[in-house]
Amino acid sequence: MQTNFTLAQLADPNVAEADKILRTCVHCGFCTATCPTYVLLGDELDSPRGRIYLIKDMLENDRPATAEVVKHIDRCLSCLSCMTTCPSGVHYMHLVDHARAHIEETYRRPALDRLTRAMLAKVLPSRRLFRVALLAGSIGRLFAPLLGAIGLRPIAAMLRLAPSRVLGPGPAEGAGVFPAEGPRQRRVALLAGCAQSVLAPSINEAAIRLLRRTGHDVVQAGEGCCGSLVHHMGREDEALAQARAAIDAWTREIETEGLDAIVITASGCGTTIKDYGYMLRNDPAYAAKAARVSALARDVCEHLALLQLGAPARRGGLAVAYQAACSIQHGQKILKQPKELLAKAGFAVRDIAEAHLCCGSAGTYNILQPEIAVRLRDRKVANITRTGADVIASGNIGCITQIASATRIPVVHTVELLDWAYGGPKPAALV
Ligand code: SF4
Ligand code: SF4
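Keep in mind the model is a prediction, meaning the values are calculated, not measured.

### Quick look at the sheet that holds strand S3 (residues 216–220)
What the 5 strands build is an open sheet, ordered S1-S3-S2-S4-S5; its pairing is mixed. With partners counted over all chains shown, the strands left at the sheet margins are strand S1 (176–178) and strand S5 (297–299), one partner each. Here the average twist between neighbouring strands, direction ignored, is 35°. In this structure, S1 lies alongside S3, joined through 3 bridges in antiparallel fashion. From the neighbouring strand, Phe-178 faces S3, where its bridge partner is Val-218. Its contacts with the sheet put helix H18 (residues 287–296) on strand S4 (261–264) and S5, and the angle it makes with S5 is roughly 25°.

Right, dumping it as structure tokens:
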């Protein structure tokens, strides 16, 4: 694609990067077939190619974002399915991230939208505030239909997703070291996370048990939110501040006792942490440290696949529908490892039709774009139901929450099944 940025515009490294990405697009349109919003809405402007043109036009003309551009960029899930399909290697993720930051800087959203986004950005990254919000939400669920009817759809969507039971802080949440059982072979940090540790502390508890049994010292470095949630909302300063704080916490560990890996059980977070090197490439104080953290970041299944787990302690024999989160399959290109681990652990893995399509969770998308999110969720659940599986496994808390809100089939994290197979307790969802 030909671009026409001026030299003055290209002096901005973010614009220069956008220019490079835009020039790789050959407008072939292959990406449209696998884009969930184009598949649902059939509008070229809700396809990757259409969004690329909108972004090009906005940036080249140095224009503030318009309501029309914002509508179509907001509808993008950042699922990155288009990146998997694109034969030309267009880095859509970096382009849309930059477009979102430009929107935040130049567009004044309607008051309710601003309020909802400010609240999500404040509450979700804080375990304490998120817990309080969920407790309030478990009561407020009753009012969700009413709030939806009077136009407060994001609030209604949030309440519908709130769990009926909210757990207090668990042992896997605070800073500390969980020592290896037996001789130590590796020392890894485990991202404590924000929303996941409140919604499903059992996930990191299972990861810690399994890692300890396989010779890992597991360090919780005391980092906060990785910044992924606000990054996808275009709130760049907040995202970079959260990223720097996490990098500082892990750097202390790297430079004292050392880390073999930074293990992550939420693949949405993993995709962002693996991108820290890029996000902070222009920050002289953090560029090298960020790149080092990104190089050490591993999804839990990616890490476990490098180990010799041996024969499972028990063979559950259950049929598992493996739901590949977009951030795992498109963001991190981790395709086989989770399924192979489950199969080796004795589960019968069932593939899901249209596995490349997002379930509609996508960070805060199911709150901010509830109608599209529900359509994608129901389509995903229908495809899962057709597999006849006993249980659904996923590697991302967003997908787990989204899918569990529409099915009676138990939904667990892949690592919970693996921990169970290799000697841990049965996941509570299966008891
Ligand atoms: S598939 Fe790639 S090159 Fe083709 S239109 Fe989409 S982004 Fe552009
Ligand atoms: S990230 Fe997903 S929703 Fe957005 S343009 Fe690409 S395929 Fe479509």
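### A closer look at the side chain of Thr-214
Relative to the elements of secondary structure, Thr-214 occurs in the loop between helix H13 (201–213) and S3. Polar side-chain contacts of Thr-214 include one of 2.8 Å to the backbone oxygen of Leu-210. Within the structure, Thr-214 has its side chain in polar contact with the backbone oxygen of Leu-211 (distance 3.0 Å). With residues up to four places along the chain from it excluded, the contact list for Thr-214 reads Gln-185, Arg-186, Leu-307 and Leu-309.

### Details of the sheet that holds strand S6 (residues 319–323)
Spatially, S7-S6-S8-S9 is the arrangement adopted by the 4 strands of the open sheet, whose pairing is parallel. The open sheet is flanked by strand S7 (348–350) and strand S9 (411–413), the only strands paired with a single partner. Taken pair by pair, the neighbouring strands of this sheet meet at an average axis angle of 35°, ignoring direction. Pairing of S6 with S7 involves 3 bridges; the strand directions are parallel. Paired with Ala-321 across the two strands is Arg-350, which belongs to S7. Contacts between helix H25 (residues 414–421) and the sheet are confined to S6, strand S8 (391–394) and S9, with S9 contributing the most and set at about 75° to the helix.

### Points about the state of the cysteines
This model, assessed by the stated rule, comprises 0 disulfides. Looking at Cys-358, it has no disulfide partner, and the nearest cysteine sulfur is the one in Cys-326, 3.9 Å off.

### Observations concerning the pattern of salt bridges
According to the stated counting rule, one finds 26 salt bridges in the structure shown. A salt bridge links Glu-44 to Arg-49, with the shortest nitrogen-to-oxygen separation between them at 2.8 Å. Residues Glu-60 and Lys-56 are paired through a salt bridge, measuring 3.2 Å at the closest nitrogen-oxygen approach. In this pair, Glu-60 and Lys-56 both sit in helix H4 (residues 48–60), 4 residues apart, roughly one turn of the helix.

### Looking at the nonpolar core
Leu-304, Leu-342, Phe-347, Ile-403, Val-415, Leu-417 and Leu-418 are the most contacted members of the largest nonpolar core, which has 50 residues in total. For this core, the element with the most residues is H13, which contributes 6 residues. Counting residues in hydrophobic clusters, the runner-up holds 29 residues, among them Leu-22, Ile-52, Met-83 and Tyr-92.

### Observations regarding the site of ligand 1
Taken together, 13 residues lie near ligand 1, and Cys-25, Cys-28, Gly-29, Cys-31 and Cys-86 sit nearest. Its residues assigned to classes, the shell around ligand 1 shows 9 nonpolar, 3 polar and 1 charged.

What counts and what doesn't
Residues numbered from 1 in each chain as written. Chains lettered and ligands numbered in written order. Predicted model: local features only at pLDDT ≥ 70, side-chain atom pairs only at ≥ 80, totals over all residues. Heavy atoms only, no water. Pairing = 2+ DSSP bridges. Helix = DSSP H or I, 4+ residues; strand = E, 2+ residues; numbered from the N terminus. Axes fitted to C-alpha atoms, helices over the stretch in contact; angles between N-to-C directions. Contact = heavy atoms within 4.5 Å. Polar contact = N/O pair within 3.5 Å; in protein donor to acceptor, adjacent residues only side chain to side chain. Disulfide = S-S within 2.5 Å. Salt bridge = Lys/Arg side-chain N within 4 Å of Asp/Glu carboxyl O. Core = buried A, V, L, I, M, F, W, Y, C linked by side-chain atoms within 4.5 Å. Buried < 20%, exposed > 50% of the residue type's maximum accessible area, 1.4 Å probe, protein only. Near = heavy atom within 4 Å. Nonpolar A, V, L, I, M, F, W, Y, C, P; charged D, E, K, R; others polar.

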